[in-house]
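Structural description and commentary
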Amino acid sequence: MIEILDDYISLTAADVSYIIRAGQDRIISVYWGPAIKLEDAVSIDFAERWSSFDPEEEAYRQEYDVYNGRSFLTPCVYLDSPSDRLNYMEFSRLETTSSEIKLYYDICPSGLLLEVRYGIYSNGVVWRKASVSASEKTGLVSFYSGSACFHSYDQMSAIYTAGRWSGEWQVKSHDIVPGCFQLGSRQGFTSETFNPSVMIADKNCSETHGMVYSLMLAYSGNWEIKIEHTLTGITRLVAGLSSFDNSIVVNKGETVSTPLMYLAYTDKGYGEMSRLLHDFENANVIRKRPYCPVLYNSWEATGFNVTAAGQKELACKAAEIGCELFVVDDGWFGQRNSDHAGLGDWYVNPEKFPAGLDDLIRYVEKLGMKFGIWVEPESVNPDSDLYRTHPDWIYRSAYAEPLQCRNQYLLNLCLPEVREYILSWMRRLLSRHNISYIKWDMNRNMSDPDSAFFDDDSRIIWKQHADALYSLWETITEEFPDVYFESCAGGGGRVDLGIMRYAHQFWTSDNTDAFDRLRIQYGCSLFYSPRAMMCWVTDNNSDSGRAVRALEYRFHSAMCGGLGIGADISRFSAQELEVCKTMIGRYKSVRHLISGGLLYRQGNPFTDNVVSFEYVSKDRKEAVIFTFLHSQNFGMPLPNIRFEGLCNDKRYKLDDGCAHYGSFLRSVGIPNKLKGDFASCMHHAELVECE
Ligand code: DGJ
């Protein structure tokens, strides 16, 4: 609901209020937290100053501001104009609909028109976006999506995920103390290093209790989230495009917009915050379809050694155990026999597929599965026909040899002919073959951000590259609406709510060790919905030197998201294949809970010996819980397995036929019979109807 009282504006839903004041020369954050009445909000003093030494502009909690040289916090807009860098905002008009407000300000003297938009979803998630229109060509260095302020005194911490290839999603915490703490990527893509998502929580916040604010930025290029904390106890979150080496040009008559940013609040701990975010993502962001098909992906089994015969052998076993989709990963095209060659040459390799790709597709379809394929449209190997023909199609500076990462360069997507090339081979691939699924990968940082093409100012590359990437995704997903898409970047390097507008699912990490995965998936699930989080059962990083975990454990770990199989099942024994079949069958019977239910995490795999992940249907009629024991120490008894989120006064039937009230399952639970190290189990509870 949107309410207006004088120049105060309140967005309220699901017991959360977000209140701002649209003043004549500034927009102020008045309040964000549990719902309050708008008439009470006018009494909030949002300009506290301890003394006249405190910068006045800073004391105002600037919700959206333009650099005027009077505040020492990060301005949302900073012009790239030495002569006109100091600007001020002048209120122009307000437009409202039942679900959205638009505030217009003139930016003077530069003549830009600023539009700041807000909306609120029914679960209390607020969205923000800004745009500027120019009457003369104008450059911007910084143009953030917005900022949001709240009181945190010194009592809160920032919770975020950090990592690297194969070690993404490690949960980190940083005390909010005066100063500025920043997360971001300057790598040209979302990155595995940090993810554009953060929670600001009470220091003693737990999974079930405590105040949590969160911010998620929907962007897959260079991004920044700044957490500024002032000496007056205000925390200010600023998010948007990275302003480092940045230039945004707004041409005469043009409008340029920021990425969307999302803000959420709860006072019920991390668990409730994640459920809120998942629910919002499932309903409003992630491309929809009933469930992720159970897929088989050949990457870990065959690597680059792709042959039609080998893929058929795997497909046969995949169908036998119940997979619904068979995906051929890297290595099917050009002269792609290793990661040194072939990238960019998107024709089916005739030696590997002498009877053509359709022969394999027909084979897979006859087995009752759909067919999917891997692509990496943005990159090129120097050893490829594409690069030999178009060496000028990559980013490179005039002064140094371009840097190779994974033996490849990044294509200059800002060039229309490069985009056209990508679109033409993708259209050809998708229209000539019956392909139901695309895994869209990207395996390097962006370096040498320059090109002879940009004779003026190559700093525009970063934003233009991300815009071009989105335009490719948009065109292809619109033209092929029935194809499922997975977003991947060397593991979990492109997981964000910007790409998830186009993709149905994302690859979480190349680390598929079932125990490491519990931690990775835990970190990822703080922000992202299990519906889209892909998890594979593999041969357990057999080259990592670690002990192989039981097949059931590997399954249980991978069943906590979208299930895939990546193991070399051609080598599995009949007994192992039977286990796969049973586990996939079980997964199918509960995947509606994992895909669309509410996640309750119990314990933290980074620190706890026993952890559970429970998925409860939104109508509370059904739940499945996966429990994992790390190690059996000293024969100590284990705590019972407890179900959360069920109705206390309703009875639920368990897998063993026993029935209990929800209150019992929550408070007492069922015995945890796990034994040994790396043990796991799955329990299902279903409402007893008509009692
Ligand atoms: C990186 C991905 O994360 C892997 O799953 C696999 O697709 C390889 N790229 C293929 O090169």
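Shown above is the structure to which this text applies.
Residue positions are counted from 1 within each chain, in the order its sequence is given. Local features in this predicted model are restricted to residues of pLDDT 70 or higher, and side-chain atom pairs are both shown and tallied only at a pLDDT of 80 or more, whereas totals for entire chains, interfaces and linings draw on every residue. Side-chain metrics in this entry use all non-hydrogen atoms of the structure; hydrogen atoms and water are not considered.

This part takes up the packing of helix H8 (residues 416-432) against helix H9 (residues 461-479). Between N-to-C directions, angles span 0 to 180 degrees; the directions come from axes that are lines fitted to C-alpha atoms, helices contributing only their stretch in contact. Counting from the N terminus, the helices are the DSSP runs of H or I reaching at least four residues and the strands are the DSSP runs of E reaching at least two. Across the interface, H8 lies against H9 with an axial gap of 11 Å and an inter-helix angle of 25°. Between H8 and H9, the angle is such that the two are roughly parallel. Where H8 crosses over H9, the handedness of that crossing is right-handed. Seen from H8, the contacting residues are Arg419, Ile422, Leu423, Met426, Arg427 and Leu430; seen from H9, they are Ala468, Ser471, Leu472, Thr475, Ile476 and Glu479. Charged means Asp, Glu, Lys or Arg here, nonpolar means Ala, Val, Leu, Ile, Met, Phe, Trp, Tyr, Cys or Pro, and polar covers whatever is left, Gly included. Across the contact of H8 with H9, the residue classes tally to 7 nonpolar, 2 polar and 3 charged. When an angle is under 35 degrees it counts as roughly parallel; over 145 it counts as roughly antiparallel; between 65 and 115 it counts as roughly perpendicular; any other value is oblique. Note: crossing handedness is left-handed where the near helix turns anticlockwise from the far helix by less than a right angle, and right-handed where it turns clockwise. Contact between two residues is taken to exist if any of their heavy atoms lie within 4.5 Å; hydrogens are not considered.

Neighbouring the ligand are 13 residues, the closest being Asp329, Asp330, Lys439, Asp441 and Asp510. Polar contact is defined as a pair of N or O atoms within 3.5 Å, subject to the rule that within protein one atom must be able to donate a hydrogen and the other to accept it, and that residues adjacent in sequence are counted only when both atoms are side-chain atoms. One nitrogen or oxygen atom from the side chain of Asp330 is found 2.6 Å from an oxygen atom belonging to the ligand. In the environment of the ligand, an oxygen atom lies 2.8 Å from a nitrogen or oxygen atom belonging to the side chain of Lys439. Protein chains bury 98% of the 290 Å² of accessible surface belonging to the ligand in isolation. Residue classes in the shell around the ligand are distributed as 4 nonpolar, 3 polar and 6 charged. Nearness is defined per residue: one heavy atom within 4 Å of the molecule or strand is enough. In this description, accessible areas are obtained by the Shrake-Rupley approach with a 1.4 Å probe, and a residue is regarded as covered only by the protein chains that are shown.

Okay, the state of the cysteines next. When two cysteine sulfur atoms are found within 2.5 Å, that pair is recorded as a disulfide. Under the counting rule described, the total for this entry stands at 0 disulfides. For Cys316, which is in no disulfide, the shortest distance to another cysteine sulfur is to Cys323 and amounts to 12 Å.

Our next topic: the pattern of salt bridges. Salt bridges are defined as contacts in which a side-chain nitrogen from Lys or Arg sits within 4 Å of a carboxyl oxygen from Asp or Glu. For the structure on display, the rule yields 30 salt bridges. Put simply, Glu689 and Lys621 hold a salt bridge, and the shortest N to O gap is 3.8 Å. Of the two residues, Glu689 sits in the segment after strand E37 (679-687) while Lys621 sits in the loop between strand E33 (610-616) and strand E34 (622-629), which places them 68 residues apart along the sequence. A cluster of three or more residues bridged by salt bridges with shared partners is formed by Asp513, Asp516, Arg546 and Arg549.

It is worth spelling out the side chain of Thr74 at this point. Inspection of the secondary structure assignment puts Thr74 in the loop between strand E5 (62-64) and strand E6 (77-79). Taking relative accessible area as the criterion, Thr74 reaches 11% and is therefore assigned buried. Here Glu228 takes part through its side chain, which lies 2.5 Å from a polar atom of the side chain of Thr74. Other than its neighbours up to four places away in sequence, Thr74 contacts Asp65, Tyr144, Lys226, Glu228, Arg236 and Val238. Only protein chains enter the accessibility calculation, which uses a 1.4 Å probe; a residue whose area is less than 20% of its type maximum is buried, one above 50% is exposed, and one in between is partly exposed.

To continue, consider the sheet that holds strand E2 (residues 8-13). Sheets are built from strands that pair by backbone hydrogen bonding, the pairs being arranged parallel or antiparallel. When DSSP finds at least two bridges between two strands, those strands are taken to pair. As summarised here, the arrangement of the 5 strands in space is E1-E2-E3-E4-E5, forming an open sheet in which the pairing is antiparallel. The open sheet has two edge strands with one neighbour each: strand E1 (2-5) and E5. Direction aside, the axes of adjacent strands within the sheet are offset by 30° on average. As paired strands, E2 and strand E3 (residues 16-22) are joined by 6 bridges and run antiparallel to one another. Within the sheet, the bridge partner assigned to Ala13 lies in E3 and is Val16.

Tracing the chain through its elements places His174 in strand E13 (residues 170-175). On a C-alpha basis, the gap between His174 and Ala158 in space is 5.1 Å, while along the polypeptide they are 16 residues apart. In this structure His174 touches Ser157, Ala158, Tyr160 and Phe181, once residues within four positions along its chain are discounted.

A few words now on the pairing of strand E10 (residues 126-133). Among the 8 residues of E10, 6 are classified as buried, and the element is accordingly described as predominantly covered. Here 8 bridges tie strand E9 (residues 112-120) to E10, and the two strands are oriented antiparallel to one another. Across the sheet, residue Tyr118 finds its bridge partner in E10, namely Arg128. Linking E9 back to E10 in an antiparallel pair, the connection comprises 5 residues, with Gly124 at a positive phi of about 95°. Alignment of E10 against strand E21 (residues 261-266), held across 3 bridges, turns out to be antiparallel. Looking at the pairing, Arg128 lines up with Met261 of E21. In this sheet, strand E20 (residues 255-257) lies alongside E10 in antiparallel orientation, the contact comprising 3 bridges. Bridge assignment links Ser131 to a residue of E20, and that residue is Ser257.

Two faces belong to every sheet, and in a regular strand the side chains alternate between them. The element strand E24 (residues 370-375) is extensively covered by neighbouring structure, given that 5 of its 6 residues are classed as buried. Bridge count between strand E23 (residues 325-328) and E24: 4 bridges; the pairing is parallel. By the bridge assignment, Val327 is partnered in E24 with Gly372. Note on the crossover from E23 through helix H6 (residues 357-366) to E24: the handedness is right-handed. Sheet analysis places E24 next to strand E27 (residues 437-440), joined by 4 bridges and oriented parallel. By the bridge assignment, Ile373 is partnered in E27 with Ile438. Call a crossover right-handed when, viewed with both strands pointing away from you, the route from the first strand across the helix to the second goes clockwise.

The strand order around the closed barrel formed by 8 strands is E22-E23-E24-E27-E28-E29-E30-E31, and the pairing between neighbours is parallel. For this sheet, the mean inter-axis angle between neighbouring strands, taken without regard to orientation, is 30°. Here 2 bridges tie strand E28 (residues 484-487) to strand E29 (residues 505-507), and the two strands are oriented parallel to one another. The partner of Ser487 across the bridge, within E29, is Phe506.

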